[in-house]
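# Coordinates in review
Residues per chain, in single letters:
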Amino acid sequence: MKLGRLNHIGVATPSIADSIVFYRDVMGATKIHAPFDLPDQGVKVCFVDTPGADGAMNGTQIELIEPLPGNASIAAFLEKNPAGGQHHVCYEVADIYAAKAEFEVMGKRVLGEPRIGAHGTLIFFVHPKDMQGVLTEIMEVGVGAH
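Values in this document were obtained by computation on a predicted structure and should not be read as measured data. (Residues numbered from 1 in each chain as written. Predicted model: local features only at pLDDT ≥ 70, side-chain atom pairs only at ≥ 80, totals over all residues. Heavy atoms only, no water.)

## Some remarks on the pairing of strand β8 (residues 136-140)
- Burial within β8 is extensive, with 4 of its 5 residues counted as buried.
- Bridging between strand β7 (residues 122-126) and β8 involves 4 bridges; their strand directions are antiparallel. For phenylalanine 124, the partnering residue across the bridge sits in β8 and is isoleucine 138. (Buried < 20%, exposed > 50% of the residue type's maximum accessible area, 1.4 Å probe, protein only. Helix = DSSP H or I, 4+ residues; strand = E, 2+ residues; numbered from the N terminus. Pairing = 2+ DSSP bridges.)

## What about the side chain of serine 19?
- Tracing the chain through its elements places serine 19 in helix α1 (residues 16-25).
- At a separation of 2.7 Å, a polar atom in the side chain of serine 19 contacts the side chain of threonine 13.
- Ignoring anything within four residues of it in the chain, the contact list for serine 19 reads Thr13 and Leu64. (Polar contact = N/O pair within 3.5 Å; in protein donor to acceptor, adjacent residues only side chain to side chain. Contact = heavy atoms within 4.5 Å.)

## Here's the deal with α1
- Among the residues of α1, those classed as buried are Ile16, Ser19, Ile20 and Tyr23. Burial along α1 is one-sided: seen end-on, the buried residues are contained in an arc of 105 degrees. Facing away from the buried side of α1, by more than 90 degrees, are the exposed residues Ala17, Asp18 and Asp25.
- Tucked into the core, α1 has its buried residues touching β1 (6-12), β3 (43-48) and β4 (61-67). (Arc of directions from axis to C-beta.)

## A word on the nonpolar core
- Listed in full, the 10 residues of the largest apolar core are Ala12, Leu38, Val43, Val45, Phe47, Ile65, Ile74, Phe77, Leu78 and Ala118.
- Of all the secondary structure elements, the ones that give two or more residues to this core are β3 and α2 (72-80).
- Every residue in contact with leucine 38, bar those within four places of it in the chain, is listed here: Val43, Val45, Leu68, Gly117 and Ala118. (Core = buried A, V, L, I, M, F, W, Y, C linked by side-chain atoms within 4.5 Å.)

## Things to note about the packing of aromatic side chains
- Under the defined criterion, the tally for this structure stands at 2 aromatic pairs.
- Each ring, one from phenylalanine 22 and one from tyrosine 23, has its centre 5.2 Å from the other, and the planes form 90 degrees; the classification is edge-to-face.
- With a centroid separation of 6.1 Å and 80 degrees between ring planes, the pair formed by phenylalanine 103 and phenylalanine 124 is classed as edge-to-face. Within this pair, whereas phenylalanine 103 is found in helix α3 (residues 96-105), its partner phenylalanine 124 is found in strand β7, the two being separated by 21 residues in sequence. Across the pair, exposure class does not vary: phenylalanine 103 and phenylalanine 124 are buried alike. (Phe/Tyr/Trp six-rings, centres within 6.5 Å; stacked < 30°, edge-to-face > 60°.)

## With respect to the pairing of β4
- Within β4, 7 of the 7 residues are buried, which leaves it mostly tucked inside the rest of the structure.
- The two faces of β4 match: Gln61, Glu63, Ile65 and Pro67 on one face and Ile62, Leu64 and Glu66 on the other face are all buried.
- Pairing between β1 and β4: 5 bridges, direction parallel. In the sheet register, alanine 12 faces β4, and the bridge partner there is isoleucine 65.

What follows is the structure in C-alpha cells.
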C-alpha cells in the first residue's frame, strides 16, 4: 500500500450550520461548499476548502459530517463527543479495489465494500484498531480530482 495524498479530514458535528460559522469566522475559511445530504450513508456533509502550497484553494479539505435521523454511528460518536470532533482521515488511491485487496492481505479490517462517497467516487473505511486508532477512509481519485 502506497500512501496517497491526504484528501480530507472528517469532522463530526452536531450542527453543520454552527460549524460553518466557526470555520468562516474563527478559522477564516473563504470557500465553504453548500451542505448536502447523503441519505445512503445517513449523513449531511459540507466541505470546507483550505489553501494549498500555492495559495489556491486546493489544499486538504475539511469534511463536516452531521448525522441524519437514524444514523447510529455518528450519533454515538457525538454522544461521546457532544461538541463534535475529528472522525476520520481520508487518503487518495488510484485503484480502490487494489487498495482494498492490499489491506485485506495485510489482515486489516475493511469495513464494507467500496461504495460511492461524498465526492462521488468510490470509498471504503479501515477499522481504527488496525490503523493506530484512526478511522481511515480510502478514496479512489482520477487525475486532477479533489
